[in-house]
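Residue-level structural notes
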Amino acid sequence: MLTGKKILLIISGGIAAYKSLELIRALKKENAHVKCILTHGGSQFITPLSVAALTQEQVYTDLWSLKDETDMGHIRLSREADLIVIAPASANLMAQMAHGLAEDLASTTLLASNRPIMACPAMNPMMWAHQATQDNIETLKSRDLQIIMPDDGDMACGETGTGRMSEPENILKSIIEHFKENKPLAGQKAIVTSGPTYEAIDPVRFIGNRSSGKQGHAIADALAQAGASVTLITGPVAIADPEGVETIHVESAQEMLEACENKLKQNIDMAICAAAVADWRPKALKEHKLKKQDNQDTLTISFTKTPDILQTISNHGERPTLVVGFAAETQDLLAHAKAKREKKGCDWIVANNVGDKAVFGQNENHVHLITAENTQEWAQTTKREIARDLVGRIVEYFETIKK
Ligand code: C5P
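Note that the coordinates shown come from a computational prediction; the quantities given were computed from them, not determined experimentally.

Analysis parameters
Residues numbered from 1 in each chain as written. Predicted model: local features only at pLDDT ≥ 70, side-chain atom pairs only at ≥ 80, totals over all residues. Heavy atoms only, no water. Core = buried A, V, L, I, M, F, W, Y, C linked by side-chain atoms within 4.5 Å. Buried < 20%, exposed > 50% of the residue type's maximum accessible area, 1.4 Å probe, protein only. Helix = DSSP H or I, 4+ residues; strand = E, 2+ residues; numbered from the N terminus. Contact = heavy atoms within 4.5 Å. Phe/Tyr/Trp six-rings, centres within 6.5 Å; stacked < 30°, edge-to-face > 60°. Domains from an automatic or database assignment. Axes fitted to C-alpha atoms, helices over the stretch in contact; angles between N-to-C directions. Parallel < 35°, antiparallel > 145°, perpendicular 65-115°, else oblique. Left-handed = near helix turned anticlockwise from the far one by under 90°. Nonpolar A, V, L, I, M, F, W, Y, C, P; charged D, E, K, R; others polar. Pairing = 2+ DSSP bridges. Expected span 1.5 Å × (residues − 1). Near = heavy atom within 4 Å. Polar contact = N/O pair within 3.5 Å; in protein donor to acceptor, adjacent residues only side chain to side chain. Areas by Shrake-Rupley, 256 points an atom, 1.4 Å probe, with all protein chains shown as cover. 1 Å grid on protein atoms, 1.4 Å probe; cavity = no way out; pocket = protein on both sides within 12 Å on 5 of 7 lines; lining within 4 Å. Sits in = over half its atoms within 2 Å of the grid points.

Another point: the nonpolar core. One recurring pattern in soluble globular proteins is that nonpolar side chains are buried together. Among the nonpolar cores identified, the biggest contains 32 residues, and Leu185, Leu223, Ile272, Leu390 and Ile394 are the most heavily contacted of them. Counting residues per element, the ones that place at least two in this core are β9 (189–194), α10 (214–225), β12 (229–234), β14 (270–273), β17 (322–329), β18 (348–353), β20 (367–370) and α14 (383–402). Residue contributions to this core peak at seven residues, all from α14. Excluding anything up to four places from it in sequence, Leu185 contacts Leu223, Ala226, Gly227, Ala228, Met270, Val391, Ile394, Val395 and Phe398. Membership of the second largest hydrophobic core comes to 29 residues, among which are Leu9, Ile24, Met118 and Met165.

This is the structure in structure tokens:
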């Protein structure tokens, strides 16, 4: 499955462009997001309309289109993809890439890109065999560009030889392989806490909070997508366990702490504490259901502190390399969140304002990321998107400390 993977497909000029329509369908079936650039040459073989219909996205054709360029379209296109696939890759486009030319939207995007690129050449056998093309291929390979070699066989031009674009199913396989091999957090272990905790008052009642678990679950999911082995430790929620994530269900703060400490024995690389853990629990658990007395107008329950899981993990003998906490505040958000980072001893705090009920249970969130170095405000977006961005930052962090 390529769920959530963003693929930029560049279709350049060649009769094999028709096979790219099949490739788009196959990618969509695997749940990938596909955006396309269709070059002038490509549009001689297939139309922007058929590409748009299959991708259900705008098709990009023109470097100078004002609408796309107001937000620096080629830069954005080149950066937001997880993988750029060029299919078919014409001899001309590969020559432009080898020599750093930026003459149209496709070549400019490729020159501006820092993303992995896979090229699927398709051309006449003589063009393929030409020393110029072979030299260009060698240059591109030396820059870590992945080439899906063309097949042998009869060509549309009537000649026979090497130059047919690899079949879409084969290209799809290579794309899936690429994501398997290149998961940025492969080999890393993560724990994520999520949801509320319920603190029992008596056998039927508890004190809890409105956390839905959406943010924490989305983070566990995004970490797993990035290749990490993830253990999600969640309080009671009404949402499904994320796929490919070991999920441990707990109720109280004490149970959540025990589950976390158990996992810490396994050399955990990162802990993301997104759970809304209760700060207090009733001092004594009543053995039987509290009965309402006839003459009773009020009820007093004494509370005692729950363990602070984030603080315990941050100061643990087996502390993960990166510990991230959350701060939900209703006032003085940044000041409180910064103080919390220091007090608890975690590395980062994701701070959000929960004062206006716009967060709990909702799909969107508006957060600040507070690190030792700085505070960044992130634009309001979905909790899933925030999870992906946070995982992006985590990947960068681990890459930096590896160097
Ligand atoms: O102190 P406060 O509850 O505002 O801190 C929020 C952060 O601390 C969150 O990351 C939450 O998961 C974590 N926390 C915890 N254990 C507690 C209370 C909060 O891990 N008992």
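Let's pick the thread back up.
Right, let's get into the packing of aromatic side chains. The geometry of an aromatic ring pair is captured by two quantities: the separation of the ring centres and the angle between the planes. Within this structure, the stated rule accounts for three aromatic pairs. Ring plane angle 85 degrees and centroid distance 5.7 Å describe the contact between Trp348 and Tyr397, whose orientation is recorded as edge-to-face. Of this pair, Trp348 sits in strand β18 while Tyr397 sits in helix α14, and the two are 49 residues apart along the sequence. On the basis of relative accessible area, Trp348 is assigned to the buried category, the value being 5%. Aromatic pair Tyr397 and Phe398: ring centres 5.4 Å apart, planes at 90 degrees, arrangement edge-to-face. Three or more aromatic residues joined by ring pairs make a cluster, and in this case those are Trp348, Tyr397 and Phe398.

On to the domain arrangement of the protein. The accessible area lost on association of the parts is a frequent measure of interface size. The domain boundaries assigned to the protein delineate domain 1 (6–181) and domain 2 (189–289 + 297–402). If you average the C-alpha positions of domain 1 and of domain 2, the two centres end up 42 Å apart.

The subject of this paragraph is the packing of helix α1 (residues 17–29) against helix α2 (residues 48–55). Where α1 meets α2, the closest approach of the two axes is 9 Å, and the angle between their N-to-C directions is 10 degrees. One element, α1, and the other, α2, form an angle in the roughly parallel class. By crossing handedness, the relation of α1 to α2 is classed as right-handed. Across from Leu21, Ile24, Arg25 and Lys28 in α1, the residues of α2 making contact are Ser50, Val51, Leu54 and Thr55. Of the residues assigned to the contact of α1 with α2, the class counts are four nonpolar, two polar and two charged.

Turning to the sheet that holds strand β4 (residues 83–89), a few remarks are in order. In space, the six strands of this open sheet follow the order β3-β2-β1-β4-β5-β6, with parallel pairing throughout. The sheet terminates laterally at β3 (59–60) and β6 (146–147), the two strands that pair on one side only. Bridge count between strand β2 (residues 33–38) and β3: two bridges; the pairing is parallel. Counted as the bridge partner of Cys36 is Val59 from β3. Seen against the sheet, α1 touches β1 (6–11), β2 and β4 and runs at an angle of roughly 170 degrees to β1. Packed onto the sheet, α2 meets β1, β2 and β3 and runs at close to 170 degrees relative to β2.

This paragraph deals with α1. In this model α1 runs 19 Å from its N-terminal to its C-terminal C-alpha over 13 residues, within 8% of the 18 Å that 1.5 Å per residue would give. Residues Ala17, Lys19, Ser20, Leu21, Leu23, Ile24 and Leu27 constitute the buried set of α1. Residues of α1 that are buried make contact with β1, β2, α2, β4, β8 (160–164) and α9 (168–181). Among the residues trailing α1, Asn31 stands out with phi positive, at a value near 75 degrees.

Turning our eyes to something else, we now look at the environment of Ala122. Tracing the chain through its elements places Ala122 in the loop between β5 (117–121) and α7 (125–129). Taking C-alpha positions, Ala122 is 9.8 Å from Met155, a pair spaced 33 residues apart along the chain. Non-local contacts of Ala122, meaning those with residues more than four positions away in its chain, are made with Ala16, Pro88, Ala89, Ser90, Gly163 and Met165.

As a matter of local geometry, the ligand sits amid 14 residues, with Cys273, Ala275, Leu310, Phe326 and Lys340 nearest to it. One of the backbone nitrogen or oxygen atoms of Ile309 is found 2.9 Å away from a nitrogen atom of the ligand. A distance of 2.3 Å is found between an oxygen atom of the ligand and a side-chain nitrogen or oxygen belonging to Lys340. Taking 440 Å² as the accessible area of the ligand by itself, protein coverage stands at 87%. Taken atom by atom, the bulk of the ligand overlaps the second largest pocket. Mapped by element, the contributors of at least two residues to the shell around the ligand are α12 (309–314), β17 and α13 (333–344). Class assignment for the residues of the shell around the ligand results in eight nonpolar, two polar and four charged.

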